[in-house]
Every structure is written in C-alpha cells, then in structure tokens.
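An overview of the molecular structure
Read off the chains here:
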Amino acid sequence: MSSKKNNLSKSTLIRSMQCSKSLYLYKNSYHLRDKAGITQQQRFDRGHRVGKLAHQLFPNGKDCSPPNPFSYDESIAATKLLIQQRYPVIYEAAFKHNGVLAALDIIEFRDGKFYAYEVKSSFRISNTYLLDAAIQYYIITQSGIPLEDFSLVTINNEYVMTETLEVNTFFKKTSVLEEIKERIPFIQKSIEDAIAILDKPEAPEVNIGSHCTKPYPCDFQGYCWKDIEKASIWYLPGISMQEKTTLVATGLTNIEEIQNTESLNQRQKIILETYRSQLPYIEKEKIKNFIADIKYPLYFFDVEAFQPAIPLFKNTQPYDRIPFLYSLHYKASDAEVLYHESYISPIGNDARIHFIEHFLTSTQREGTILVFNALMEKGILYKLAEAFPVYKKEIYDRINRIVDIEIPFKELYYYHPAQQGSFSLKAVGNALLGRDEFVKSHVKDGEEAMAVYNELFYMNDEIKVEEQLRALKTYCKTDTYVLFEIFEQLVKLSEY
Ligand code: SF4
C-alpha cells in the first residue's frame, strides 16, 4: 500500500468492482461527487436504524463505533482489546489487514468460537451482499481471528407486527459461509487490482455505460456525463442502458447516425421518430375512444405512501405501503369550478382509519375517480379494505370507479419528445402543458415525498415538521392539479 490515502475499505472495494475510475476519483477527487439527495440519506439512515435494532438479537454488547468516520484507528484498537478479552458480543467491530479496513455489525464469542453477523435492511441476499460479506470474512480471518461461521441478518418478509416489535422473528439469520469461500479468490484479486489503480498517476480511462447505474447509481455521474452531448446515443430514451452500450460498441455515437432500426421495437421506433422530428406522436382515434367513457362529475386523485422497513403500526409488515396523504380535486361538470381538498395523517399514530374515513366521505358523491398509475392507488385501497373490513364494500365501490389516465401515455396513444422516454406524471404534464407546475414544489417526486414523511417520525423540531407537512401537501395538490390539466388536454386532442 503506497500511502494512507490509498487505504481501502469494504465500500471502496465494492466501488472499484463496479468501476475503477469511480474508485480513483473517490480517493483523489472526492469533491467531484454528486451531492447526496434526501432519498439516499434516508436509505443510509434506514440501514443504520435496522442495524441498531439487530443489536437486540445479541444483547449487552460493547459498541466500537468510531466517534467520526476518520477515527477508525480507535475502533480497530478497541475491537482488538475486546477480542483479546474474549468479550461475548461486540457491535460495529473494526478490522484491518494490509491496509484494507472492514467494519462488521456484530461479532459474537460463544463456546470458544467467533461468529460474525452483518445486517442488511432488505428481504433477499444479493450477490453484492455476498461480495460484501466475503471482503469482511477475508479481512477478519487474515487479521488473525478464526471465524466459525458468517451469517447475513436480513428482514423476514413474512413478519407481522403485533403489540410490540419481536426482533427474533423480525430478523432472519442465514449462514453464507460456503458462498463466501467461493468468492475469496475474487476478493484477493480485486484488492490487488484496486491497489494497482490507486498507484497510477491518473484516473483510468473508463467509458460511461451500464456500469454507471448498476449495481448502484454511481455518484460521479454529474462529472463523467457532463460533456455528453444531448444528441448522444446515451440520451436516447426508451432504450435500456444495456442496449445503448451495445449500440455504442458498434461505433455509433449520435442518435442521428442510427439508420438500421430493424432491431428496435415499435415503441422504440416511435420514440426515435419523435426525437428526430421534434413533433409529438398522436393516435387521435385511440385517445377519442379512451376519453369517450369518461363523464363528469370527476375526481382527480393522488395518494402518497411511505414504506417503513421497521413496522410502526400493529398488523403491518416491513415495507408495507402506509398511505399518509391524499389530494382530491373535484369537478361536478365542465362548467363548474374546480374544488380541492386533502388529508394528511398526523405524525406518530396509526391514522389509516381516519385516512380511509376521510377519503370515503370526500368521494361519496357519484363520479369517476381519475388517477395516474392506478396500480399504486388501487393497491393501497385493497390493503386498507383488508385492514378495515367494515369499510370493504365502500372501498371496493371507489376502486371500481377508478380510471387510469396513464393508459394513453403508457400505451403510446400520445408521446411527446420532451418526455425524454419518461412516462411519469411530471414528464407527461411538463411536455403536454409546456410548463413545469412542480417548479416551486420543495418535494420533487413520490420517492422524495416518502423519504420526507418517513424522516418526520424521527424529527423533534415541531416548526420544521409543520413546514415539511405543508410542502408535502403542496406537492400532492400540484399532482392532482396537473392530472386535471392532462385530462383537459386529452379532451382537446380528441376533438381537434
Ligand atoms: S459515472 Fe460511470 S464511468 Fe464515471 S466513475 Fe461512475 S461508473 Fe465510472
């Protein structure tokens, strides 16, 4: 290892397996990284909370977490001491071998043997998790601690919350020792490769490609992609990153250069054509048929939900969608004014019953309920019908009145080049209306809304909480207003 700056860790090794340039930039040009958004921060916090909860599986351990991310030497020394003392349980233990650092969630000393546990806040075990575990196993055993077994602790997808959270049934332990052993030669080679990359005077030349998003979205995309022209194949919408990589490998760089469209499907051909002509693609008859069945009175409806990894309420499961906010615009007839109302659940208690009662009262007048992407709204309503059978009949009535405004866009009755391959409400709305109604919204999309609301459960500042609740309501109201505008535009398109 050439210098302390070039020290590696589990996460930098995983980074180097995805892209050698990403490792080099991370170590030498850290300031070029994209700023982490609230969604990424929330994912990180969630992992931290789940990890802490898993400590309860092995009570009375000593915590070796570093006081800050630059003080791992203290953690390594504290871990070493506790290992020498054969302390029964250590949390956030840290080890180093040949300049590579690996922290481990839990190490247990039982019946004269060491057992390692790494906690993951998901249901399934991915190849990246196994590589992660293999790095930890390799570093721990190479630093002189023999491990009897290594397990991944994941969340049990069948767990249902009762009065209190039962950690023993919430988590699932799976030994992955055999899978780890198969990966050790690869880990050894990856460490050698990573050291060689960091010893170079300049960043390795790596073209952009599907590795920029898989298995993780790289945080140097802002840097590497900044000079890519808008006409580049990389910005061709409607085609997967893998397909783009294949096209680029054939020597094509610009969208205009694509002559042979035989390998493209009908959808991709339409998107390519609209890109070239910069004109929308319109199937007027299909739009007309779709609109013909939609009659006033109309509701324009949108729900926001969050998905806590650790259930907060009785009878819910990990990552269940818990609705917390809806917006409803209502128009009795073409000539009537647009009326609006919304509901947001207070932070802290299970308010799903109030949520559904409010929604049922608000939609008791007849009328079609228009949504954008019915899967989400219907899925949430079905779950609520299951949770509150007393309202099942009424909820099913509302479900049967739902019509999905996403259909004409998803089925390509209409496509505008400004959508840039996206079929989200925001992309469709911006393209169809020629303006961005969300420009003033602090919350940018549904994923961010989920992250913002989830964070409120752990926030103590009441003023900040109120501010965020208002921002969420504004976002959701904009959603249903845009939905109304999209509907009006579809009516016009069917008439002209
Ligand atoms: S954006 Fe792509 S090419 Fe650039 S460092 Fe990340 S993965 Fe590598």
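Cut-offs used in this document
- Residues numbered from 1 in each chain as written.
- Predicted model: local features only at pLDDT ≥ 70, side-chain atom pairs only at ≥ 80, totals over all residues.
- Heavy atoms only, no water.
- Phe/Tyr/Trp six-rings, centres within 6.5 Å; stacked < 30°, edge-to-face > 60°.
- Helix = DSSP H or I, 4+ residues; strand = E, 2+ residues; numbered from the N terminus.
- Buried < 20%, exposed > 50% of the residue type's maximum accessible area, 1.4 Å probe, protein only.
- Lys NZ or Arg CZ within 6 Å of the ring centre and 35° of its normal.
- Salt bridge = Lys/Arg side-chain N within 4 Å of Asp/Glu carboxyl O.
- Expected span 1.5 Å × (residues − 1).
- Contact = heavy atoms within 4.5 Å.

As enumerated under the stated definition, the model contains 29 aromatic pairs in all. With a centroid separation of 5.8 Å and 85° between ring planes, the pair formed by Tyr 343 and Phe 355 is classed as edge-to-face. Pair noted here: Tyr 343 is in strand β11 (residues 339–344) and Phe 355 is in helix α12 (residues 352–362), with a separation of twelve residues, a long-range link. There is no split in this pair, since Tyr 343 and Phe 355 are both buried. Above the ring of Phe 423, the side-chain terminus of Arg 267 is found at 5.0 Å from the ring centroid.

Enumeration according to the criterion identifies 24 salt bridges in this entry. Of the charged contacts in the structure, one is a salt bridge between Lys 10 and Asp 132, with a shortest N-O distance of 3.1 Å. In this pair, Lys 10 sits in helix α1 (residues 10–18) while Asp 132 sits in helix α5 (residues 127–142), placing the two residues 122 residues apart along the sequence. What makes Lys 10 buried here is its relative accessible area of 16%.

Among the secondary structure elements, Ile 258 is positioned in the loop between α9 (241–249) and α10 (266–277). Considered as a pair, Ile 258 and Leu 272 are 14 residues apart in the sequence and their alpha carbons are 9.2 Å apart.

Okay, helix α3 (residues 38–54) next. Along its 17 residues, α3 runs 24 Å from first to last C-alpha, staying within 8% of the 24 Å computed at 1.5 Å per residue. When we look at burial in α3, the residues that qualify are Thr 39, Gln 42, Asp 45, Val 50, Gly 51, Leu 53 and Ala 54. Those residues of α3 hidden inside the fold are in contact with β4 (100–110), β5 (113–119), β6 (147–155), α6 (167–170), β7 (171–175) and α17 (446–456).

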